[in-house]
Protein chains: 2
Amino acid sequence: MNKIKILDCTLRDGGYYTHWDFDKKLVEEYAKSIEQLPVDYVEVGYRSITLNGYLGKYFYCPIYVLEELKQWMPSKKLVVILNEKDIRPEHVEELLEPCIPYITLVRIAIDPGNMVRAILLAKEVKKLGFEVGFNVMYMSDWKKDDSFLNLLDGLENTIDYFYMVDSYGGVMPKDIIDIIRTVRSKIKIPIGFHGHNNLEMALANTITAMQEGCAIVDATITGMGRGAGNLKTELLLTYLEREGKIEVSFDNLSATVNSFENLKLDYNWGTSLPYMFSGAHSLPQKQVMEWVGLNRYPLGSILNALNNQKIAIEDNIKLPVFENVSKFKSALVLGGGPTSQIHQDAIKKILELHKDEFCLIHAGVRNIINYTTINNLQYYGLVGFEPQDVFQVIDSNQIDSKYFVYPPFPRKMGVSIPDNITAQAYELAELQFTEVDTDSPMAIAIQTALNLGVDDIYFIGFDGYDVNINQNQFVIANENQKIINDLIAYKKHLNICSLTPTKYENLKLNSIYSLI
Amino acid sequence: MNKIKILDCTLRDGGYYTHWDFDKKLVEEYAKSIEQLPVDYVEVGYRSITLNGYLGKYFYCPIYVLEELKQWMPSKKLVVILNEKDIRPEHVEELLEPCIPYITLVRIAIDPGNMVRAILLAKEVKKLGFEVGFNVMYMSDWKKDDSFLNLLDGLENTIDYFYMVDSYGGVMPKDIIDIIRTVRSKIKIPIGFHGHNNLEMALANTITAMQEGCAIVDATITGMGRGAGNLKTELLLTYLEREGKIEVSFDNLSATVNSFENLKLDYNWGTSLPYMFSGAHSLPQKQVMEWVGLNRYPLGSILNALNNQKIAIEDNIKLPVFENVSKFKSALVLGGGPTSQIHQDAIKKILELHKDEFCLIHAGVRNIINYTTINNLQYYGLVGFEPQDVFQVIDSNQIDSKYFVYPPFPRKMGVSIPDNITAQAYELAELQFTEVDTDSPMAIAIQTALNLGVDDIYFIGFDGYDVNINQNQFVIANENQKIINDLIAYKKHLNICSLTPTKYENLKLNSIYSLI
């Protein structure tokens, strides 16, 4: 444990939260702080061929960026990483030769199943003179199959570091000890450890790895990194300083920690119950990250979905199918925007005037309480993880006039149905008009209207969002717009319009007061 | 590790953040969740004689509260804790006899130096038939002196659990192993472990304690607890479930975790660099909690203060003393409120009209940039951890007309002085007019005015706060009011008034425009 090397990969691993873009002043401060800290290697991002979709500055690391980083960190060994699944030997020269003046170590992220291909890639990288690191994923699965290790025999001159990557964040110190002993029995390459913090075991595991003779360990400032994140650099340094192994300039450390703590308020990385659960059961955290990040699903639903994955069932319940039956000429589809409240009296008046022609279809639960007393049939487009207490206002005497409609089976999050509405709970056979496969109460409400064979779909309370919206609202606004576009394309002969002001496009606009 | 008992002490330990008050619905949800979880004991708060200051519901745990909690958790063993430093044997009957129907275990928080007294207290508690737990603090110090353990010999029938409390959050698994072996060599009482999470080692340490044969371990939902907080109950349960030791109803767990996660957004418990540092070096986290919680000090200043404590120096710098000299008739003391901006032209006009009689004293740095061009002498009441870059606007040619005044030596946070103002940096000999010992730019500015021998102190830009303020603003508003009161009491013959509207009390009000 005397000469342990430390690799900080904040920008590379933190980029999962920011699409690999960071404020330039933040990066400058980070780099200048790191320059003063006892960190040996700094991994600044990926190098990659062009991939689909937007991936930012530190995913491609153009040469001018590397040059700038090297100016800020002249004493550090800089590192880039390649995703083995995307990069082939023929890409190496173009991607890496221009990096030679700035980069010391090239790491390769590897699924152990692709080890043969990875070795060919490594040899190509080594030809350019770089140190080469193998970041081999899924270390908790190696107990089942470690045959890939045999392929690495004799490659000590090609591969400088063999990293064990705790991809799921579920390994414990005893696993570290076992796995290191296995690895060491087969290969002579210096070992590295990249820990995740799902179970808050990143430091304990890393200490064990160091005690077992690992040569190098990874960390990131504030633990910023995919999913539950990594070992925190500030924690590792504080620990090693206390142990007398290193000296730390806490002034430099605290400045950059402070800045990343501020960034964390926006992105909220770090562990939480869903990440603990996925870590404990070796479930992929990519999906957890998406679910947690969207801020749409309650914790219980995410756990439910993870639990379904773990025990390999599709969904926790199968409901009766909501059949197609032509009952009404018109549907009022009610969203949760402010205008759904403002024009409440007018909505009730329309329903009263046209009791046999109109039904009310709620998209979500926002307005349940406002319509407990009307006599029209009511439908509720639900997704299955609504707060249970909002259903308490539903009178059991009136349950027959209400239909609770859930998405088609199987639902990845499962559903949770309050006891008092179970008798009237149904699921759609399918979503016919849109490819949107997320859990959208709006889409369920619209499909319900289509199943009821209506000629007119009148939207109320789909007000749209202001320009100044957060990431989650942005996702939902885009999704709603797509649902509207899909509906219009699906049934051109339908009369589709909004009866209240809306920021959504392509939607014909009438006034709610013209129907009274 | 087969029959480990779990004690959840969320309300008791979390109360450090909320003065032991919690929303009643939150407590009900928590209790009903815990009732469904594999937790054996639930510590719901303190019992105590009347202490000074406000301490809430779960610090005193009146009997009706215990009754309610027991109704929500009929299957759980409920626990209260006594602070040994406040409670004597003669208090026991009144405090604990009414608890008999509801409480199973009474714990006692003990400084090992008071062990003799604690044993007398324990005997009194045991007479009432309770299980008795000893929560003995500062376990990382026991290596220096474990003689108190000898006092516990033969008390197996009095004390049911002997808890090792990692008060500083700095112990590591190897310490756990060493200390448990020492304890076990001396006493036969079942051992418990209460871990803190400063170094994110709470789970790793607790696992070690369980493997070493501990009978009982503590945890709190979301780790809510003093300073960096505790082992997270949800993490412990997730881990033990994975290991096949217990079954967990994740639905119940996630509901209450979710609610406490929301509360955490207000109180922000959990570890951070200052807690890591204090944990690593066995420094008391009570003070760190105050500094971090107040949100007043930058991370670097807190680390600086902790580092000064660690190396036992008072302060990092001694400055020349700012002498008493009567120079001006009047001081404009400038705060940072909105009116300091709005009436800027008037302030400059007054200073221009009365160049020899008036000086400008800034309380803090908010307005530095607005007065770079005036010709009057300017003083800056500072505290030493202002952001460095705000001083860049100060022209080195004009440095002689500016005085930078810091608090009296020694300053617990140290000071950080930008290079370009060092030549004109001074410290006060003392704060004469007020007992406020916090770092208040307002107090420094006023003392500067007093040292300058002025007859008039005119406040500008001390607007006060709205009713709807956060905890930090509340502390500062109260502090400012106290400073004003102290000033008025200190020098009754001074002409003290505010020239702009203010919400502070006792301050005479004139108009800034009456002076022009």
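The rules we used
- Residues numbered from 1 in each chain as written.
- Chains lettered and ligands numbered in written order.
- Predicted model: local features only at pLDDT ≥ 70, side-chain atom pairs only at ≥ 80, totals over all residues.
- Heavy atoms only, no water.
- Contact = heavy atoms within 4.5 Å.
- Buried area = accessible area lost by both parts, 1.4 Å probe.
- Salt bridge = Lys/Arg side-chain N within 4 Å of Asp/Glu carboxyl O.
- Polar contact = N/O pair within 3.5 Å; in protein donor to acceptor, adjacent residues only side chain to side chain.
- Helix = DSSP H or I, 4+ residues; strand = E, 2+ residues; numbered from the N terminus.
- Nonpolar A, V, L, I, M, F, W, Y, C, P; charged D, E, K, R; others polar.
- Buried < 20%, exposed > 50% of the residue type's maximum accessible area, 1.4 Å probe, protein only.
- Phe/Tyr/Trp six-rings, centres within 6.5 Å; stacked < 30°, edge-to-face > 60°.
- Lys NZ or Arg CZ within 6 Å of the ring centre and 35° of its normal.
- Pairing = 2+ DSSP bridges.
- Axes fitted to C-alpha atoms, helices over the stretch in contact; angles between N-to-C directions.
- 1 Å grid on protein atoms, 1.4 Å probe; cavity = no way out; pocket = protein on both sides within 12 Å on 5 of 7 lines; lining within 4 Å.
- Points joined across faces, edges and corners; volume = space filled by probe spheres on them.
- Core = buried A, V, L, I, M, F, W, Y, C linked by side-chain atoms within 4.5 Å.
- Disulfide = S-S within 2.5 Å.
- Domains from an automatic or database assignment.
- Least-squares fit on C-alpha atoms with pLDDT ≥ 70 in both.
- Expected span 1.5 Å × (residues − 1).
- Right-handed = clockwise from strand over helix to strand, strands pointing away.

- As annotated in an unreviewed UniProt entry, chain A is Pyruvate carboxyltransferase domain-containing protein from Leeuwenhoekiella nanhaiensis.

1. Some points on the interface of chain B and chain A
Part 1 of the argument: In this assembly, 33 residues from chain B lie in contact with 33 residues from chain A.
Part 2 of the argument: Roughly 3000 Å² is buried in total at the junction of chain B and chain A, and carbon and sulfur atoms are behind 66% of that figure.
Part 3 of the argument: Inspection of the region where chain B meets chain A yields 4 salt bridges.
Part 4 of the argument: The residue Lys232 of chain B makes a salt bridge to Glu200 of chain A at a minimum N-O spacing of 2.5 Å.
Part 5 of the argument: Counting the contacts that link chain B with chain A gives 12 residue pairs in polar contact (both at pLDDT 80 or more).
Part 6 of the argument: Of all the secondary-structure elements, those providing two or more residues to the side of chain B that touches chain A are α8 (202-211), α9 (233-242), α10 (250-267), α11 (273-280) and α13 (299-310) of chain B.
Part 7 of the argument: By residue class, the composition of the side of chain B that touches chain A is 17 nonpolar, 9 polar and 7 charged.

2. Some thoughts on unusual backbone geometry
Residue and element names in this part refer to chain A.
Part 1 of the argument: Between Phe409 and Pro410 the backbone carries a cis peptide bond, its omega angle lying at -10 degrees.
Part 2 of the argument: Assignment of secondary structure puts Pro410 in the loop between β12 (402-406) and β13 (425-427).
Part 3 of the argument: The phi torsion at Tyr138 lies on the positive side, around 60 degrees, for a residue other than glycine.
Part 4 of the argument: With relative accessibility at 26%, the residue Tyr138 sits in the partly exposed group.

3. Observations regarding the packing of aromatic side chains
Part 1 of the argument: Summed over all chains, the structure comprises 52 aromatic pairs over all chains.
Part 2 of the argument: Relative to Tyr379 of chain A, the ring of Phe328 of chain A lies with its centre 6.3 Å away and its plane at 80 degrees, an arrangement referred to as edge-to-face. Of the two residues, Phe328 of chain A sits in the loop between α13 (299-310) and β9 (330-334) while Tyr379 of chain A sits in strand β11 (residues 378-381), which places them 51 residues apart along the sequence.
Part 3 of the argument: Judged by centre distance (5.3 Å) and plane angle (85 degrees), the ring pair of Phe459 of chain B and Phe462 of chain B falls under edge-to-face. For the pair formed by Phe459 of chain B and Phe462 of chain B, the shared burial category is buried.
Part 4 of the argument: Through a chain of ring-to-ring contacts, three or more aromatic side chains come together here, namely Tyr16, Trp20, Tyr46, Phe59 and Tyr60 of chain A.
Part 5 of the argument: Seen from the ring of Tyr163 of chain B, Arg107 of chain B lies directly overhead, with NZ or CZ sitting 4.5 Å from the centre.

4. A few points about the sheet that holds strand β3 (residues 77-83) of chain B
All names here are of chain B.
Part 1 of the argument: Here we have 8 strands rolled up into a closed barrel, ordered β1-β2-β3-β4-β5-β6-β7-β8, and parallel in their pairing. The sheet shows a mean angle of 25 degrees between the axes of neighbouring strands, taken without regard to direction.
Part 2 of the argument: Relative to strand β8 (residues 216-219), strand β1 (residues 5-8) runs parallel, the two sharing 4 bridges. Residue pairing across strands places Leu7 opposite Asp218, the latter belonging to β8.
Part 3 of the argument: Sheet strands in contact with helix α6 (residues 115-127) are β3, β4 (103-110) and β5 (131-136), and its direction is about 160 degrees off that of β5.

5. Topic: helix α12 (residues 285-294) of chain A
Part 1 of the argument: The set of residues buried in α12 of chain A consists of Gln285, Val288, Met289, Trp291 and Leu294 of chain A.
Part 2 of the argument: Positive backbone phi, approximately 60 degrees, marks Asn295 of chain A, located one or two places after α12 of chain A.

6. Details of the layout of surface pockets
Part 1 of the argument: The space that makes up the second largest pocket amounts to roughly 480 Å³.
Part 2 of the argument: Lining the second largest pocket are 22 residues, and of these Pro173 and Thr208 of chain A together with Pro173, Ala204 and Thr208 of chain B lie nearest its centre.
Part 3 of the argument: Within the residue set of the lining of the second largest pocket, elements represented by two or more residues are α7 (173-186) and α8 (202-211) of chain A together with α7 (173-186) and α8 of chain B.
Part 4 of the argument: Along the lines of polarity and charge, the residues of the lining of the second largest pocket split into 14 nonpolar, 4 polar and 4 charged.

7. Comments concerning the sheet that holds strand β15 (residues 495-498) of chain A
All names here are of chain A.
Part 1 of the argument: Taking strand neighbours across the sheet as the criterion, the 8 strands line up as β13-β12-β11-β10-β9-β14-β15-β16 in an open arrangement whose pairing is parallel. Either end of the sheet is taken by a strand with one partner, and the two such strands are β13 and β16 (508-509).
Part 2 of the argument: Lying over the sheet, helix α16 (residues 441-451) contacts β9, β10 (358-363), β11, β12 and β14 (456-460), oriented at roughly 160 degrees with respect to β10.

8. What about the nonpolar core?
Part 1 of the argument: Grouped together as the largest cluster of nonpolar side chains are 232 residues, with contacts concentrated most on Phe134 and Phe162 of chain A together with Phe134 and Phe162 of chain B.
Part 2 of the argument: Not counting chain neighbours up to four residues away, the residues in contact with Phe134 of chain A comprise Ile108, Ile110, Met115, Ala118, Ile119, Ala122, Leu152, Ile159, Tyr161, Phe162 and Tyr163 of chain A.

9. Focus: the state of the cysteines
Residue and element names in this part refer to chain A.
Part 1 of the argument: For the coordinates displayed, the defined rule picks out 0 disulfides over all chains.
Part 2 of the argument: We note that Cys359 lacks a disulfide partner, and the nearest cysteine sulfur, in Cys497, lies 15 Å from it.
Part 3 of the argument: Among the residues examined, Cys359 registers a relative accessible area of 0% and is labelled buried.

10. Structural notes on the domain arrangement of chain A
Part 1 of the argument: The domains assigned to chain A are domain 1 (5-269) and domain 2 (330-514).
Part 2 of the argument: Relative placement of domain 1 of chain A and domain 2 of chain A: their C-alpha centres are 47 Å apart.

11. Some thoughts on the relation of the copies chain B and chain A
Part 1 of the argument: The operation relating chain B to chain A is a screw motion whose rotation component is 179 degrees, with 0.2 Å of axial translation and a residual RMSD of 0.3 Å. Such a combination of rotation and displacement between the chain copies is what one expects of a two-fold axis.
Part 2 of the argument: Residue by residue, 100% of the interface of chain B is reproduced at the interface of chain A, so both copies engage with the same surface.

12. Considerations on helix α2 (residues 24-35) of chain A
All names here are of chain A.
Part 1 of the argument: For α2, which comprises 12 residues, the first-to-last C-alpha distance of 16 Å matches the rise-based estimate of 16 Å (1.5 Å per residue) to within 8%.
Part 2 of the argument: Where α2 is buried, its residues contact β1 (5-8), α1 (10-18), β2 (41-46), α3 (57-60), α4 (63-72) and α10 (250-267).
Part 3 of the argument: The opening residue of α2 is Asp23, an N-cap whose side-chain oxygen sits 3.2 Å from the backbone nitrogen of Lys25.

13. Here we look at the pairing of strand β5 (residues 131-136) of chain A
Residues and elements named next belong to chain A.
Part 1 of the argument: Among the 6 residues that make up β5, 5 are buried, leaving the element largely enclosed by the rest of the structure.
Part 2 of the argument: For strand β4 (residues 103-110) and β5, the ladder comprises 6 bridges, and the chain directions are parallel. Looking across to β5, one finds that Ile108 is bridged to Phe134.
Part 3 of the argument: Viewed along the sheet, the connection from β4 through helix α6 (residues 115-127) into β5 turns out right-handed.
Part 4 of the argument: Bridge count between β5 and strand β6 (residues 161-165): 4 bridges; the pairing is parallel. Within β6, the position partnered with Val136 by the bridge is Met164.

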